[in-house]
Amino acid sequence: MTFTLDYHTLFQMVKETGRSFPGSRRDKEMRLAVASGVVFAIASCRAGGAVAISTEDGECVVPRKDFEAVLQTFKGERILTVQVNNSSMTIAKFTMPVTISNIHGIDCGLQR
């Protein structure tokens, strides 16, 4: 899974999807998915999406707070490229582990 997106859009999407509804708890993990040129962030019963450039479909699960903190370290950057392999996510020269990854596509969760 790979995507290139501007920093501000990605950070706002992660920040907003991490917010909880009144009476609910925040999710500890966040799912990032890329499909058909769109990046999705899903957590705490919220989802956000943005059109990205240079994408390869896939999905992964990362610790929400850790990912948001990592993104804050790239505040001066204009464009970020995120690459995910089977066990890790790489942004520039920083690498962090991912909990679950499906780098070959998205499992929509639809089962018969």
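That block above? That's the structure.
Residues numbered from 1 in each chain as written. Predicted model: local features only at pLDDT ≥ 70, side-chain atom pairs only at ≥ 80, totals over all residues. Heavy atoms only, no water.

Q: Break down the overall build of the protein chain for me, with residues and values.
A: Across its full length, the protein chain carries 2 helices and 10 strands. Traced from its N-terminal end to its C-terminal end, the protein chain shows the element sequence β-α-β-β-β-β-β-α-β-β-β-β. Rg of the C-alpha trace for the protein chain: 13 Å, near the compact-globule value of 13 Å for 112 residues, within the 12% margin. Judged by the C-alpha coordinates and their principal axes, the protein chain covers about 35 × 35 × 25 Å. Put simply, the protein chain has 112 residues, and 40% of those count as buried. Long-range contacts, defined here as pairs at least 24 residues apart, represent 63% of the contacts in the protein chain between residues at least 6 apart. (Helix = DSSP H or I, 4+ residues; strand = E, 2+ residues; numbered from the N terminus. Rg over C-alpha atoms; globule rule 2.2 N^0.38 Å. Buried < 20%, exposed > 50% of the residue type's maximum accessible area, 1.4 Å probe, protein only. Contact = heavy atoms within 4.5 Å.)

Q: Lay out the pairing of strand β8 (residues 88-91) with the relevant residues and their values.
A: Burial of β8 is two-sided: the residues Ser 88 and Thr 90 facing one way and the residues Met 89 and Ile 91 facing the other way are all buried. Note: strand β7 (residues 79-84) against β8, 3 bridges, orientation antiparallel. Considered in β8, the bridge of Val 84 is made with Met 89. Taking the residues between adjacent antiparallel strands as the criterion, β7 and β8 are bridged by 3 residues. Of the strand pairs in this sheet, β8 and strand β9 (residues 94-97) are connected by 4 bridges, and their pairing is antiparallel. Bridging across to β9, Ile 91 finds its partner in Phe 94. Between β8 and β9, which follow one another and run antiparallel, lie 2 residues, and Ala 92 among them has a positive phi close to 55 degrees. (Pairing = 2+ DSSP bridges.)

Q: Let's hear about the nonpolar core: which residues, and what values?
A: Counting residues in hydrophobic clusters, the biggest one holds 29 residues, and the most contacted among them are Phe 67 and Met 89. Here the element with the most residues in this core is helix α1 (residues 7-17); it accounts for 5 residues. In contact with Met 89, not counting residues within four places along its chain, are Leu 32, Cys 60, Val 62, Phe 67, Val 82, Gln 83, Val 84, Phe 94, Thr 95, Met 96 and Val 98. (Core = buried A, V, L, I, M, F, W, Y, C linked by side-chain atoms within 4.5 Å.)

Q: Tell me about the sheet that holds strand β1 (residues 2-6), and name the residues and values.
A: Pairing is antiparallel in the open sheet, where 5 strands are placed in the order β5-β1-β7-β8-β9. The sheet is open, and its two borders are formed by β5 (53-56) and β9, each paired with just one other strand. In this sheet, neighbouring strand axes are inclined to one another by 25 degrees on average, regardless of whether the strands run parallel or antiparallel. Sheet strands in contact with α1 are β1 and β7, and its direction is about 100 degrees off that of β1. (Axes fitted to C-alpha atoms, helices over the stretch in contact; angles between N-to-C directions.)

Q: Now, about the side chain of Thr 90: what can you tell me, with residues and values included?
A: Considering the arrangement of structural elements, one finds Thr 90 in strand β8. Of note is the side chain of Thr 90, whose polar atom sits 3.5 Å from the side chain of Thr 95. (Polar contact = N/O pair within 3.5 Å; in protein donor to acceptor, adjacent residues only side chain to side chain.)

Q: Go over α1 with me, naming the residues and quoting the values.
A: Every buried residue belonging to α1 is among Tyr 7, Leu 10, Phe 11, Met 13, Val 14 and Thr 17, and all of these are buried. Looking straight down α1, one finds that the buried residues subtend no more than 160 degrees of arc, so they occupy a single side. On its buried face, α1 is in contact with β1, β2 (29-35), β3 (38-43), β4 (46-51), α2 (64-72) and β7. (Arc of directions from axis to C-beta.)

Function-wise, these values are silent; they only describe arrangement.
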